[in-house]
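Structural overview for review
Residue strings, one per chain:
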Amino acid sequence: MVLFSCDSSITPKQSAFFAPEFGVSSYNSFITQCNYSFSKNKIARIEYLDNCNFNIVYDDLNAKIFFSYININNNFPDIIKVFDERIIENSSNAIEIKVSEYVDSKISVYSRMFNYVGNTPSNVQFYLTDSVSNFLAGSLFFKTEPNYDSLLPYINYINVDLKKLIESFEWNK
């Protein structure tokens, strides 16, 4: 009997996170009163703040993207310096920072996006500019304690929306 007994060891299950399922995204155009327009996911809503500042709120995902608009008055290097300081401040808990750029010189849209790997306060920060008179900065926040592993599916989902937003972005002249 001993020769035919099972020789399997018991291994405890590892912790796992809920794997959310997202539907197919559809987008509509959002035209601001502040000199620009873009496409946004229909499941998100706009929450107006003040002076061209607003949030794109994902109620079901417990997330929002905060947008801050700055009018450039021959101070573009200073604005970039302040933005870079925010990048450094936010990266203290990051394992890695992935940087991507988007340029459409025909319509004067220049963008740089920073994706943080790790438990950071903001998982994505980016800006859009024409480098002459307009600068729009954005930061993604979740209304929960940072846990990169559990937030990653949501970050990836919103990153697709951000890519669509940036590629459809236009300064209204």
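Refer to the structure above for everything that follows.
Residues numbered from 1 in each chain as written. Predicted model: local features only at pLDDT ≥ 70, side-chain atom pairs only at ≥ 80, totals over all residues. Heavy atoms only, no water.

**Describing the sheet that holds strand S8 (residues 124-129)**
How we decide: Each pair of strands is called paired provided DSSP finds at least two bridges between the two strands. Runs of E in the DSSP output that reach at least two residues are strands. Runs of H or I that reach at least four are helices, and both are numbered from the N terminus. Helix axes are fitted only over the stretch in contact, all axes being lines through C-alpha atoms; the angle between N-to-C directions runs from 0 to 180 degrees. Residue contacts are counted whenever heavy atoms from the two residues lie within 4.5 Å of one another.
Spatial ordering of the open sheet is given by S3-S4-S5-S9-S8-S7-S6, a layout of seven strands whose pairing is antiparallel. A strand with exactly one partner marks an edge of an open sheet, and here the two such strands are strand S3 (45-48) and strand S6 (94-104). Looking at each pair of strands side by side, their axes are set apart by 20° on average, direction ignored. By the bridge criterion, six bridges tie strand S7 (residues 109-118) to S8 in an arrangement that is antiparallel. Paired with Phe114 across the strands is Gln125, a residue of S8. Across the face of the sheet, helix H2 (residues 148-168) comes into contact with strand S4 (54-58), strand S5 (63-71), S6, S7, S8 and strand S9 (134-142) while running at roughly 175° to S7.

**A look at the state of the cysteines**
Let me state the cut-off plainly: Disulfides are defined as cysteine sulfur pairs within 2.5 Å.
In total, this model carries one disulfide according to the counting rule given. Disulfide pairing is shown between Cys34 and Cys52; the S-S distance is 1.9 Å. Looking down the S-S bond of the Cys34 and Cys52 bridge, the torsion is -90°, so its handedness is left-handed. With Cys34 in the loop between strand S1 (27-31) and strand S2 (36-41) and Cys52 in the loop between S3 and S4, this residue pair connects regions lying 18 residues apart in the sequence.

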